[in-house]
Amino acid sequence: MNIRIVRFDHPDAVKLNDEVQAEYAERYEGEGDITPLDAEMFVSPRGVYLLMYDESGRPIGTGGWRAQDAAGEEGYADGDAEIKRMFVVREARGKGLSRVILARLEEDARAAGRKRMVLETGTAQPEAVALYRSSGYVLVPDAEKFGLYRESESSRCFVKPL
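What counts as what
Residues numbered from 1 in each chain as written. Predicted model: local features only at pLDDT ≥ 70, side-chain atom pairs only at ≥ 80, totals over all residues. Heavy atoms only, no water. Core = buried A, V, L, I, M, F, W, Y, C linked by side-chain atoms within 4.5 Å. Buried < 20%, exposed > 50% of the residue type's maximum accessible area, 1.4 Å probe, protein only. Helix = DSSP H or I, 4+ residues; strand = E, 2+ residues; numbered from the N terminus. Contact = heavy atoms within 4.5 Å. Arc of directions from axis to C-beta. Polar contact = N/O pair within 3.5 Å; in protein donor to acceptor, adjacent residues only side chain to side chain.

(A) Geometry of the nonpolar core. If you look at the biggest cluster of nonpolar residues, it comprises 39 residues, and the most contacted ones within it are Trp65, Ile83, Met86, Leu105, Met117, Tyr132 and Tyr137. Of all the elements in the fold, those that place two or more residues in this core are α1 (11-28), β2 (47-53), β3 (59-68), β4 (80-88), α2 (97-111), β5 (116-122) and α3 (126-134). Considering every element that reaches this core, the biggest residue donor is β2, with six residues. Not counting chain neighbours up to four residues away, the residues in contact with Tyr137 comprise Ile83, Leu102, Glu106, Met117, Leu119, Tyr132, Phe158, Val159 and Lys160. Listed in part, the six residues of the second largest apolar core include Tyr76, Val140, Cys157 and Val159.

This is the structure in structure tokens:
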């Protein structure tokens, strides 16, 4: 397995983003995640975007973090690093690859001076909830939720100090 730093608009990143969006739409019976994202949000030192490739060079996993601060209305705190688009293709799941990507994202955000990792997932993603809980992330109370979907009943927000 090979992990590379790429831009969010890299063709392989776009391909996997399309796959994860289709899965979100399927799981939540909607259009996918409408959080506005662009490639510049994932450029060091304010973010990073990773792609994982298998031995044959096929992209099989992805994940990124972007800097967030308390300036907006979405409930973030200064020094937050928000995880976005954590995803492993179905045929590569169950091998611990998400943990590898997550560890790399945490390491990179810590090196960039971010204070905590934050993420928003949902009840239709029990595998993600289990991954984050078992990796030391703590569910925040509803009154402290953040992100675009913070008002949604199915939204779950997690934090982990870096």
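Having seen it, we continue.
(B) Local environment of α3. Taken together, the buried positions of α3 are Ala128, Val129, Leu131 and Tyr132. Around the axis of α3, the buried residues are gathered within 160 degrees of arc, so they sit on the same side. Tucked inside the fold, the buried residues of α3 contact β4, α2, β5 and β7 (155-161). Two residues or fewer after α3 comes Gly136, characterised by a positive phi angle close to 95 degrees.

(C) View of the side chain of Thr62. Here Thr62 is to be found in strand β3. Its relative accessible area of 1% is what places Thr62 among the buried residues. At 2.8 Å, the side chain of Thr62 forms a polar contact with the side chain of Tyr49. With residues up to four places along the chain from it excluded, the contact list for Thr62 reads Leu16, Tyr49, Leu50, Leu51, Arg85, Met86, Phe87 and Ile101.

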